[in-house]
Amino acid sequence: MDGSAARSAEGMHYRQTFLAFRQLLSRIRDVMAGAGDPETRLGRIVGIIAENMGAEVCSIYLRRAGEVLELFATRGLRQSAVHYTRLRIGEGLIGEIAATGRPLALAEAQHHPSFVFRPETGEEIYQSLMGVPIIGRGRVLGVLAVQNQDRRQYSDDEIEVLQTVAMVLAELVASGELVSRAELAPTEGIAVTPLRLEGVSLNAGLAIGTAVQHRPHITIRRIVADDSRIEHERLGKAVTDMHGSLDGILSHTEPARGHEYRDVLETYRMIAADVGWLRRIGDAIDSGLTAEAAVQKVANEIRARFHQVSDPVLRERVHDFEDLSNRLLQHLLGSLAENHELPEGVDAILIARNMGPAELLDYQPGRLKGLILEEGSFTAHVAIVARALDLPVLGQVRRALSRIETGDAVILDSQHAQAFVRPSDHIRQAFVANLELRNRQQAAYVAERDKPAVTRDGVRVQLNINAGLLVDLPHMAEFGADGVGLYRTEVPFMARTDLPDVESQRLLYARVLEYAAGKPVVFRTLDIGGDKVLQHWEHVVEENPAMGWRAIRVGLDRPALLRQQLRAMIRAAAGMDLRVMFPMVTDVAEFRFARRLFDQEIHRESRLGGPLPRTARVGAMLEVPALVLQLDALLAEADFISVGTNDLAQFLFASDRGSARTADRYDCLSPVFLDLLTDILRRCRRAGVSVSLCGEMAGRPVDAMALIGLGFRDLSLPPFAVGPVRTMVRSLTLGQLEAFMHDVHATRSSSVRGKLVAFARDHAITI
Ligand code: PEP
Ligand code: MG
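These numbers were taken from a predicted model, which means no experiment stands behind them. (Residues numbered from 1 in each chain as written. Chains lettered and ligands numbered in written order. Predicted model: local features only at pLDDT ≥ 70, side-chain atom pairs only at ≥ 80, totals over all residues. Heavy atoms only, no water.)

**Student:** How would you sum up the pattern of salt bridges? Please name residues and give values.
**Tutor:** Here the structure, examined in full by the defined rule, presents 40 salt bridges. For R550, the salt bridge goes to D527, with nearest N and O atoms at 3.1 Å. You can see R550 sitting in the loop between strand 17 (521-524) and helix 17 (552-557) and its partner D527 sitting in the loop between strand 17 and helix 17, a full 23 residues away along the chain. Put simply, R595 and D639 hold a salt bridge, and the shortest N to O gap is 3.1 Å. Linking R595 in helix 19 (residues 588-607) with D639 in the loop between helix 21 (631-635) and strand 20 (640-643), this pair joins segments that are 44 residues apart in sequence. Of the residues examined, D639 reaches a relative accessible area of 25% and is grouped as partly exposed. (Salt bridge = Lys/Arg side-chain N within 4 Å of Asp/Glu carboxyl O. Helix = DSSP H or I, 4+ residues; strand = E, 2+ residues; numbered from the N terminus. Buried < 20%, exposed > 50% of the residue type's maximum accessible area, 1.4 Å probe, protein only.)

This is the structure in C-alpha cells:
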C-alpha cells in the first residue's frame, strides 16, 4: 500500500470509529433521558456499552462508604452479584484502577499481580479486561470495566472511548440522577471528633476560622452535541471571554504586590492561550461532544495522564490546566460569579486539593484568612500569590478534603506545619490567646521600629533582613531593619516560566535598591539546584541534590548566566553601593574565578561608557566546611563574609536540613558549632574583613543572643524576627554574657541551649 492509500484506509477506519462512538454516546443519552428507574437505566447502559464495544461483559462499580467499591450494574456477570460483590479500594484489578485513578487494559488479566478472583460473579471464563476510573469533581467515584473471553488486546482508541463514556457516567453519578447521592461514599470525618492534621508550611502564620471547601461544582448535563459547528462557536466565545476576565484580573493587580505576583498571572494567561490544549478540546468537539463535555474530557485526560507524576513543576502545570478548564466551563455554562461567595461574617479557611492563582483571587480577599491544600509546593504559583496576600498556607495535607467539612472550625497554625479541625475549647482558647498576643506583639514591634538594637551596655548590633520577594521589602521599614543582609535572587526566578533577561533583572534589582532607600543590600547570586527548581532550567535529577550541581557550581559551569546576572546588578546599582556575594563556595579558586567574572563585567560596563556603582564589594557565603579550612586564603581575596549556618550546620553534622527526623538531633548551640563560629570570627577580625551571619538561627532570640555573646555584630534574619531579636538585644548586658559564653565553651555536651535559656531568665533578657 502506498502512503496515500494507507492514509485513506486510516481515514476510513477513523470515520468508522467516530461514527460508532457518536452512536454509542447518543444511545446512552437516550437512555439517560428516557423512562425507568435509575437501576434499570444503569442496566441498559451497561448493555449498550457491551454491545457497542464488542465485549461480553460490561460492569459498573461505584464507590461506597468505608472505601469499598460495589458492583452496581453488569451485563455478562451474574446478576446475583449486583450489590453483593464488594472490593476494597486497591483490592483486585478494579480496586487498583480506583486507587491509582488510571486505566488498565490487559489481554491476560489473571496474570496481573493484583488479580483476585470473585467466584460469585462467574468471571472465571473471561481472560481480558479493560477498566477505567469514573472520575468526577476530582475524585474517583467508581470504575467502568469491560471483559472478553478471548485474549483481546484493547487499543488506545478503545481505552479513550471507554474513558469518555466513564466521564458521561461520572456526571450522572455525581449529580445523583442515576443513584441517589446519599448511597454513595460520604466523605470521611463526618464524626465530630477533633483532628490534628500535619502538612508542610508553604507560608507561615496563624489563622482561626471556618472551613470552606473549594470545589468548582459544575454539572454537565448536555454531553452529545446536535451540531458541532455551534459547539465550536460556543468554545471560541468562551475562550475569548475567559481571556477578557484574566486580563481584568491582571489590570487590577496592585503594583505593590510585586513583579513575581504579576509574572505568575501573566504566565497563567499564556497557558490559557495554549494552542495544543485548545486543539484537543476542538478535536473532542469534532468527535460529537458538546463544548463543555469536550473541555471536561480533555481535563480528565490530563489529570489521568499526570496522576502519578512526582515532578513538582509538571504537577503545577497540570493544576494550571485544571484551573483553566474550570474557568472555561464556567464561561461556557454562564455561571461565572464575579467572586466566589464566601459566607458573610465568616473568617474563611479554604480547603482545596490544589488551586490556581486566579482561582484564589476570585475569593473576596477580606473574608479569606488561610488556605489548606492536599497538594501544593513552596514554588507553586498559588503559594507565591498567597504569600503576597499574607495568607497562611499549609500544603501537602493528606486527604484534607475528605477530613474537613465546610463549616468545621479550623485553627491553621502553618508556622508549625499543623492544623486543628473541630478543636476542643481548650485548644481553641490557647490559640485565640496566642493570636491576640501575636497581634499585640507585632504592633509593639512596629511601634519600636525606631529604637536602635543596642545592648544595655551600649553595643550596637546590625539587624538586617533576609528577603527574596518584593513583598518582603516593606518589612524593612515596618520593623526598622538596617538593610537587606541577604537577597536571595533565585526566589523571583522560581516564580517565572522563562529566564529573565538582563534588563528585567536590572529592573528587579533596581526596585530592591529603591525599597532599601539607601540602606545596604547584599545581593546573592543564584542559588539554584537542590530543592530550588527553576521551571525553565535544565532539571538535573541527583541523588543528593543539596550537595550536587547547585549554586556557584552552576554559575561557574554556565558563566554566561552568572555574567548576565552580575551585569544586571552592576547596572541596577549605578551611582550606588553594590554588594554581591556568591553562595556555596567550596574552594578559594571558585571564588577567585567568580570574582574575575565580576571584574570583567565592571570593565565591560566602563568600556561601554555606562554609569558604574559608586563602590563595589564582593563577598562569599561561608557555608561549606572545606571553605572554613581555607578561610585565611579566602580572606585575602574577599571583601566580606556571610556565614550561612543553615547549610554550614547541615554539612558539618551531615544532617539534611530538610529532614524532620534529624531536625532536633544536632543543635547549632552545641560547643562544637560555637567553637567553629568563634574561630571564624577570630580569623575575620585578624584579617580585618567584615563578617555577618544570615542563617535561620539568627532569627531565634536565644541563638541570636549566643551569637552576639560570641562577638557577631551583624545578623541577617527573616523580617518578622527583627522585632523579637531587637527586644532581646535591648534587654541584654553584653559584658555578663561574654563571660558566660567563655565558660560555655568548656562544656562538652551536645547542646548548651538549656544553659543559655537559664542565663537569659536569670538576667531578665527577653527571649
Ligand atoms: C544558609 O545556608 O544559611 C543560607 C542563608 O542560605 P540558604 O538558606 O538560602 O541556603
Ligand atoms: Mg545556603
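**Student:** Quick one: what's the story with the coordination of the magnesium ion (ligand 2), residue by residue and with numbers?
**Tutor:** Distances from the magnesium ion (ligand 2) to its protein donors, namely E623 (OE) and D647 (OD), fall within the range 2.1 to 2.2 Å. Residue E623 is found in the loop between strand 19 (615-622) and helix 20 (625-628), and its partner D647 is found in helix 22 (residues 645-652); the two are separated by 24 residues along the sequence. Taken as a pair, E623 and D647 share a single burial class, namely buried. (Donors = N, O, S within 2.8 Å, 3.2 Å for Na, K, Ca; no water.)

**Student:** Let's hear about the site of ligand 1: which residues, and what values?
**Tutor:** Every one of the 15 residues lining ligand 1 counts as a neighbour, but R488, R524, E623, N646 and R657 are closest to it. Contacts to ligand 1 include N646, whose backbone N or O atom sits 2.8 Å from an oxygen atom. Within the complex, the protein chains bury 99% of what would otherwise be the 290 Å² of accessible surface of ligand 1. Going through the elements one at a time, strand 16 (484-488) and helix 22 are the ones with two or more residues in the shell around ligand 1. Element by element, the count of residues in the shell around ligand 1 is highest for helix 22, at 3 residues. Among the residues making up the shell around ligand 1, the classes are represented as 3 nonpolar, 4 polar and 8 charged. (Near = heavy atom within 4 Å. Polar contact = N/O pair within 3.5 Å; in protein donor to acceptor, adjacent residues only side chain to side chain. Areas by Shrake-Rupley, 256 points an atom, 1.4 Å probe, with all protein chains shown as cover. Nonpolar A, V, L, I, M, F, W, Y, C, P; charged D, E, K, R; others polar.)

**Student:** Tell me about the sheet that holds strand 10 (residues 348-352), and name the residues and values.
**Tutor:** Judged by pairing direction, the sheet is mixed, and its 8 strands sit side by side in the order 7-14-13-9-10-11-12-8 without closing on themselves. Each having just a single partner strand, strand 7 (195-198) and strand 8 (200-203) make up the two edges of the open sheet. Averaged over all adjacent pairs, the angle separating strand axes in this sheet is 30 degrees, with direction ignored. Where strand 9 (residues 206-213) meets strand 13 (residues 409-413), 5 bridges bridge the pair, whose relative direction is antiparallel. Within strand 13, the residue paired with I208 across the bridge is I411. Packing against the sheet, helix 13 (residues 425-447) makes contact with strand 9, strand 13 and strand 14 (418-421), and its axis sits at approximately 125 degrees to strand 9. (Pairing = 2+ DSSP bridges. Axes fitted to C-alpha atoms, helices over the stretch in contact; angles between N-to-C directions. Contact = heavy atoms within 4.5 Å.)

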